[in-house]
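Next come the chains, spelled out residue by residue.
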Amino acid sequence: MILCVCQRRATCNSGTSTGTLQTTEKWCKESMKLTHTLRRLGLGMVVPVNAPQSLSVRASPQLYPLLFGSRCVATQGISADCDLKCAFAEAIPSLQERLKNIKTSFGSKSLGEVTVNMALGGMRGVPGLLWETSLLDAEDGIRFRGHTITELQQKLPKATPSGEPLPEGLLWLLLTGNIPSKQQAVSLSAELQKRAETPPQVFKVLDALPAKTHPMTQLSCAIMAMQPDSKFALAYQNGLHKSDYWDPTFEDSLDCIARLPGIAAAIYRRTFRNGSIIEADPSLDWAGNLAHMMGYQDQGAKELMRLYMTIHSDHEGGNVSAHATHLVGSALSDPYLSLAAGLNGLAGPLHGLANQEVLKWLNRVESDIGSDVSKEELSRYVSATLNSGRVVPGYGHAVLRKTDPRFTCQREFGLKHLPDYPKFKLVSKLFEVVPGVLAETGKVSNPWPNVDAHSGVLLQFYGITEENFYTVLFGVSRAMGVLSQLVLSRAMGLPIERPKSMTTRWLENKFGQAGE
Ligand SMILES: CC(C)(COP(=O)(O)OP(=O)(O)OC[C@H]1O[C@@H](n2cnc3c(N)ncnc32)[C@H](O)[C@@H]1OP(=O)(O)O)[C@@H](O)C(=O)NCCC(=O)NCCS
């Protein structure tokens, strides 16, 4: 049960019932004191929402009269002016309750066997992480809070009627589990714009880096440069109560997500466009503004950016960027430290950097044999890549065993907007050829294309030709997923991560002596 209280309005929510009431600033302060007392007594919890204008109070229903007297009038539904933080706060108690029930009811159940090969093989298939925002199915691909990508394209609010989803809507969904209304998504856009101003030290740090610094290194440094402003780090130093950890984590996460388009665009402009900065357009949404600030005004480029930012955001918890963010965050490192760790992992060629590698490889294919080639010629080229001891970037996956739906939706975007683009046709032909060649090796678990096989070609079509920048776009999007989970992890009170490791000698002793 949670109550959201504002200066002028309070929302009382107990399961399905919600109420509103008019109140005054003085009353709000009094109720804040009261609820602090409640927490000390172990009867409730106080969390500021958009402090100092509002706060959220968790308390048992019998304390309503004490807190709000007859001013709290129950009505149905969630208050229309409930912002993302308020909606998230409302979702916390039931999440905590479910976690508690799971621990009580199934805490001692086994999730399966861990073999030596699983431990040696990068913990592949070992279930050991809680990740609420998305779940990956080997056959069907990713579901964000239960919704497939196709469903998201249908259900999430859009900037234009037949366009792509607004990533703000996805962020709302990831945090709360609910699809927002258009009004909620638009108000979140406005909220992000309010928070978007980048601290000046970020640009000083970027300027101090050599011009040749990879854009992903620049992004990581820029995020670290914001860390001194971390609200979580400050609140923790000031003695933050454990039940309130999620609140400054939420604040830092939203600040960081809000600033990332401006930071990414600044990195792009300083690396590839002589550093001339383009100011944000207040009439644009979060992703549309990213395209705009990079210098791309075409409506198609903005639509692509909305799709790109939506589909790259999250891919359950075990991938390198998600797991690294989660792991570092579990030590109560603040969101800036945690996200930077995750993005440093995203910068690896077997993970996020694969989108850059795909483009480099496609360019090599084009320059070596051209884009209008026969399937036989392409097949020989792919085999030559494999025989030279390299991977075919954009193909294969640690979990997926079918074509990645993120590839499919980008292919549909290509069919709609750029069907005659030569590079799109080359990607389509490779889709017909590569799986067969990889399958013939007999060792590749998944010969099908992943998200990275397609993304670069769409960006190229709109003129974003600098492939070294592509992983930055991936990172801006990925921040939404991993930071949403970080906020959820703090709200759920998840503990520090500490899996068991072993040495080769330990394994030999354990199983060798037993003769297994
Ligand atoms: C994604 C990836 C790292 C998954 O690794 P994985 O879970 O170990 O994959 P597999 O179980 O299929 O690997 C088995 C073998 O097939 C090879 N393999 C997998 N995908 C391959 C590819 N696209 N090209 C060539 N070989 C590949 C692996 O390198 C491994 O070879 P080895 O036994 O000689 O070491 C791997 O498929 C890959 O390197 N793909 C290319 C890079 C890429 O697109 N990354 C983005 C992922 S979203």
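Here the structure is a predicted model, which is why all the values come from computation and not from measurement.

Rules of the game
Residues numbered from 1 in each chain as written. Predicted model: local features only at pLDDT ≥ 70, side-chain atom pairs only at ≥ 80, totals over all residues. Heavy atoms only, no water. Helix = DSSP H or I, 4+ residues; strand = E, 2+ residues; numbered from the N terminus. Buried < 20%, exposed > 50% of the residue type's maximum accessible area, 1.4 Å probe, protein only. Contact = heavy atoms within 4.5 Å. Areas by Shrake-Rupley, 256 points an atom, 1.4 Å probe, with all protein chains shown as cover. Phe/Tyr/Trp six-rings, centres within 6.5 Å; stacked < 30°, edge-to-face > 60°. Lys NZ or Arg CZ within 6 Å of the ring centre and 35° of its normal. Near = heavy atom within 4 Å. Polar contact = N/O pair within 3.5 Å; in protein donor to acceptor, adjacent residues only side chain to side chain. Expected span 1.5 Å × (residues − 1). Bend = angle between axes of the 7 residues up to and from the residue. pLDDT = per-residue confidence, 0-100. Pairing = 2+ DSSP bridges.

Check the secondary structure of the chain and you find 22 helices and eight strands. Expressed as a percentage of its 516 residues, the buried residues of the chain come to 51%. Of the contacts made within the chain by residues no fewer than 6 positions apart, 73% connect residues no fewer than 24 positions apart. Counting every atom, the chain has about 23,200 Å² of accessible surface; 55% of that belongs to carbon and sulfur.

The geometry of an aromatic ring pair comes down to the distance between the two centres and the angle between the two planes. Counting across every chain of the model gives 14 aromatic pairs. With a centroid separation of 6.0 Å and 25° between ring planes, the pair formed by Phe232 and Tyr236 is classed as stacked. Pair noted here: Phe232 and Tyr236 are both in helix H10 (residues 231–237), with a separation of four residues, about one helical turn. Judged by centre distance (5.0 Å) and plane angle (85°), the rings of Phe461 and Tyr462 are edge-to-face. Assessed through its relative accessible area of 34%, Phe461 is described here as partly exposed. Grouped by ring-pair contacts, the aromatic residues Tyr268, Phe272, Tyr296 and Phe469 constitute a single cluster. Sitting over the ring of Phe511, Lys510 keeps its end group 5.7 Å from the ring centre.

Moving on: the site of the ligand. Near the ligand there are 19 residues, and of these Val392, Gly394, Tyr395, Lys443 and Ser445 occur at the shortest range. One of the side-chain N or O atoms of Ser445 is found 2.7 Å from an oxygen atom in the ligand. Between the ligand and Asn450 there is a distance of 3.0 Å, counted from an oxygen atom to a side-chain nitrogen or oxygen. Relative to its unbound accessible area of 840 Å², the ligand is 72% covered by the protein chains.

So, on to the environment of Ser243. Tracing the sequence through the fold places Ser243 in the loop between H10 and helix H11 (246–272). Sequence separation between Ser243 and Gly493 is 250 residues; the distance between their C-alpha atoms is 7.6 Å. Here His241 takes part through its side chain, which lies 2.6 Å from a polar atom of the side chain of Ser243.

For the rest of this paragraph, the subject is H11. Helical periodicity: at 3.6 residues per turn, an α-helix aligns residues three or four positions apart in one direction. Here H11 is 27 residues long and its end C-alpha atoms lie 38 Å apart, about the 39 Å a rise of 1.5 Å per residue gives. When the local axis directions of H11 are compared, the greatest deviation, roughly 40°, occurs at Leu260, which is followed within four positions by the proline Pro261. Counting buried positions over the 27 residues of H11 gives 23, a clear majority of the element. Directly beyond the C-terminal end of H11, a positive phi value near 55° is found at Asn274.

In this section: the confidence of the model for the chain. A residue-level look at the chain finds 84% of positions with pLDDT of 70 or above and a mean pLDDT of 88. For the stretch residues 69–80, pLDDT sits under 50, and the model shows 26 contacts to residues farther than four places along the chain or on other chains.

A word on helix H6 (residues 167–176). With 10 of its 10 residues buried, H6 lies for the most part within the structure. Among all positions in H6, only Pro167, Glu168, Gly169, Leu170, Leu171, Trp172, Leu173, Leu174, Leu175 and Thr176 are buried. In the stretch just after H6, Gly177 is the one whose phi turns positive, near 85°.

Right, let's talk about the pairing of strand E8 (residues 141–144) for a bit. Where a strand is regular, its side chains alternate between the two sheet faces. Two strands pair when backbone bridges link them, and strand E7 (residues 134–137) and E8 are joined in this way by four bridges, in the antiparallel orientation. If you follow Asp137 over to E8, its bridge partner there is Gly141. If you look at the hairpin formed by E7 and E8, you'll find three residues sitting between the two strands.

In this section: the environment of Tyr462. Among the structural elements, Tyr462 can be located in the loop between helix H20 (452–461) and helix H21 (470–492). Along the chain, Tyr462 and Leu418 lie 44 residues apart, while their C-alpha atoms are 9.7 Å from each other. Every residue in contact with Tyr462, bar those within four places of it in the chain, is listed here: Tyr296, Asp298, Gly300, Ala301, Leu304, Phe413, His417 and Leu418.

As a further point, take the environment of Gly177. Residue placement: Gly177 occurs in the loop between H6 and helix H7 (182–194). Classification of Gly177 by relative accessible area gives partly exposed; the value is 25%. Taking the C-alpha atoms as reference points, Gly177 and Phe88, 89 residues apart in sequence, are found 8.9 Å from one another. If sequence neighbours within four positions are ignored, Gly177 has contacts with Arg145 and Trp172.

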